[in-house]
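# Breakdown of the fold
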Amino acid sequence: MTWDKFIKEEMKKEYFKKIIEYLKHENYYPHPNEIFNAFKMTPYDKVKVVIIGQDPYHEEGQAHGLAFSVLNNQAPPSLKNIFKEIYDDTHHIRTNPNLSDWASQGVLLLNASLTCKCHMANSHKDIGWQVFTDNVIRELNKKEESIVYILWGGFAKSKMNLIDKHHFIITSAHPSPLSAYNGFFGSKPFSKCNDFLIKQGESPIKWWD
């Protein structure tokens, strides 16, 4: 299986045709050429870790197709909290808000909705993307290798029932300022993930710069 083949098959389905039609009438992020960046940068056979976000950042110059990642140098509040937990967990510093290096190491940075209307968070949650990303998880279940799923917050945790039991799931509160102090800080997801990967004979993820 390749992501190209998977996406082409999904595009033939009625729900996806409705997504395409809907987007024709919207101003949205990320740029159309970047919607599937997570899949371009983390091939199916290289996926070791999946981090599930809600939807893309909704302001100009931020979203580029990878959950929690931004291209500019201004890390949003949730990402700043992720950096803080990386340091507290691993004692290494992360400053680069572009998480493309995670993607190249096998971390699929998957938003449940792949687009959102400009300046309106979670505005495309009901246009069909949920079906697509649920099918992504079902496709990943076919892999014999165990994948680490990092689920932050209630929205990501709602996907747990789709994940087969042979995968390793790490859950906590969301890193947003509203909830980070209620269980995200101190949850040590990065070291837990790497400990599991090492036990599986996989190389750990370099989370820091």
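All of the points below concern the structure found in this document. (Residues numbered from 1 in each chain as written. Predicted model: local features only at pLDDT ≥ 70, side-chain atom pairs only at ≥ 80, totals over all residues. Heavy atoms only, no water.)

## Considering the nonpolar core
Ranked by size, the top nonpolar core spans 66 residues in total, and within it F39, F132 and W207 carry the most contacts. The contacts of F39, once residues within four sequence positions are left out, are W3, I7, L108, L110, L114, F132 and V136. (Core = buried A, V, L, I, M, F, W, Y, C linked by side-chain atoms within 4.5 Å. Buried < 20%, exposed > 50% of the residue type's maximum accessible area, 1.4 Å probe, protein only. Contact = heavy atoms within 4.5 Å.)

## Thoughts on the pattern of salt bridges
In total, this model carries 10 salt bridges according to the counting rule given. Residue E10 is joined to K13 by a salt bridge in which the shortest nitrogen-to-oxygen separation is 2.8 Å. Each of R94, D101 and D209 takes part in one network of salt bridges that share partners. (Salt bridge = Lys/Arg side-chain N within 4 Å of Asp/Glu carboxyl O.)

## A look at a negative patch on the surface
A cluster of like negative charges, contributed by D45, E144, E145 and E202, occupies part of the molecular surface. With respect to the secondary-structure elements, D45 resides in the loop between α3 (37–41) and β2 (49–53). The class of D45 is exposed, set by a relative accessible area of 57%. (Patch = residues over 30% accessible without salt bridge, like charges linked within 9 Å, V, L, I, M, F, W, Y side chains within 5 Å. Areas by Shrake-Rupley, 256 points an atom, 1.4 Å probe, with all protein chains shown as cover. Lys, Arg positive; Asp, Glu negative; His and termini not counted. Charge placed at Lys NZ, Arg CZ, Asp CG, Glu CD. Helix = DSSP H or I, 4+ residues; strand = E, 2+ residues; numbered from the N terminus.)

## Regarding the sheet that holds strand β3 (residues 107–111)
In spatial order, the strands read β3-β2-β5-β6; together these 4 strands make up an open sheet with parallel pairing. In this open sheet, the two strands that pair with only one neighbour each are β3 and β6 (168–172). Geometrically, the sheet is characterised by an average inter-axis angle of 20° between neighbouring strands, direction not taken into account. Most of the contacts of helix α8 (residues 189–199) go to strand β5 (residues 148–152), to which it runs at about 165°, and overall it touches β2, β5 and β6. (Pairing = 2+ DSSP bridges. Axes fitted to C-alpha atoms, helices over the stretch in contact; angles between N-to-C directions.)

## Describing unusual backbone geometry
Note the cis peptide between Y29 and P30, where omega equals -5°. Within the fold, P30 resides in the loop between β1 (28–29) and α3. Positioned with a positive phi, H91 is a non-glycine residue whose angle comes to about 65°. Residue classification places H91 among the exposed positions, given a relative accessible area of 60%.

## Considering the packing of helix α1 (residues 3–11) against helix α6 (residues 129–140)
A pair of packed helices is captured by two measures, namely the crossing angle of their axes and the spacing between those axes. The interhelical angle for the contact between α1 and α6, taken along N-to-C directions, is 140°, at an axis separation of 12 Å. Relative to α6, the element α1 is oriented oblique. Remark: the crossing between α1 and α6 carries right-handed chirality. Contacts from W3, F6, I7 and E10 in α1 reach F132, N135, V136, E139 and L140 in α6. Looking at the contact of α1 with α6 residue by residue, the class counts come to 6 nonpolar, 1 polar and 2 charged. (Parallel < 35°, antiparallel > 145°, perpendicular 65-115°, else oblique. Left-handed = near helix turned anticlockwise from the far one by under 90°. Nonpolar A, V, L, I, M, F, W, Y, C, P; charged D, E, K, R; others polar.)

## Describing the packing of aromatic side chains
For the structure shown, the criterion picks out 22 aromatic pairs. Relative to F185, the ring of Y181 lies with its centre 4.8 Å away and its plane at 70°, an arrangement referred to as edge-to-face. We classify F185 as buried; its relative accessible area is 18%. Aromatic rings pair up to connect W3, F6, Y15, F16, F36, F39, Y44, W129 and F132 into one cluster. Taking NZ or CZ as reference, K84 lies 4.7 Å from the ring centre of F185, over its face. (Phe/Tyr/Trp six-rings, centres within 6.5 Å; stacked < 30°, edge-to-face > 60°. Lys NZ or Arg CZ within 6 Å of the ring centre and 35° of its normal.)

## Focus on the side chain of K48
One can find K48 in the loop between α3 and β2. The side chain of K48 is buried and forms no salt bridge, while E202, the nearest opposite charge, is found at 4.4 Å. In this view, K48 contacts Q105, G106, I147, V148, L197, E202, S203 and I205; residues no more than four positions away in its chain are not counted.

## Remarks on the side chain of H124
Relative to the assigned elements, H124 resides in the loop between β4 (116–117) and α6. Given the relative accessible area of 0%, H124 is considered buried. Within the structure, the side chain of H124 is placed 2.7 Å from the side chain of T115, a separation counted as a polar contact. (Polar contact = N/O pair within 3.5 Å; in protein donor to acceptor, adjacent residues only side chain to side chain.)

## Focus: the pairing of β2
A large share of β2 lies buried, amounting to 5 of its 5 residues. Side chains of β2 alternate between two faces, with V49, I51 and G53 and V50 and I52 buried alike. Here 5 bridges tie β2 to β3, and the two strands are oriented parallel to one another. Note that in β3 the partner of I51 across the bridge is L109.

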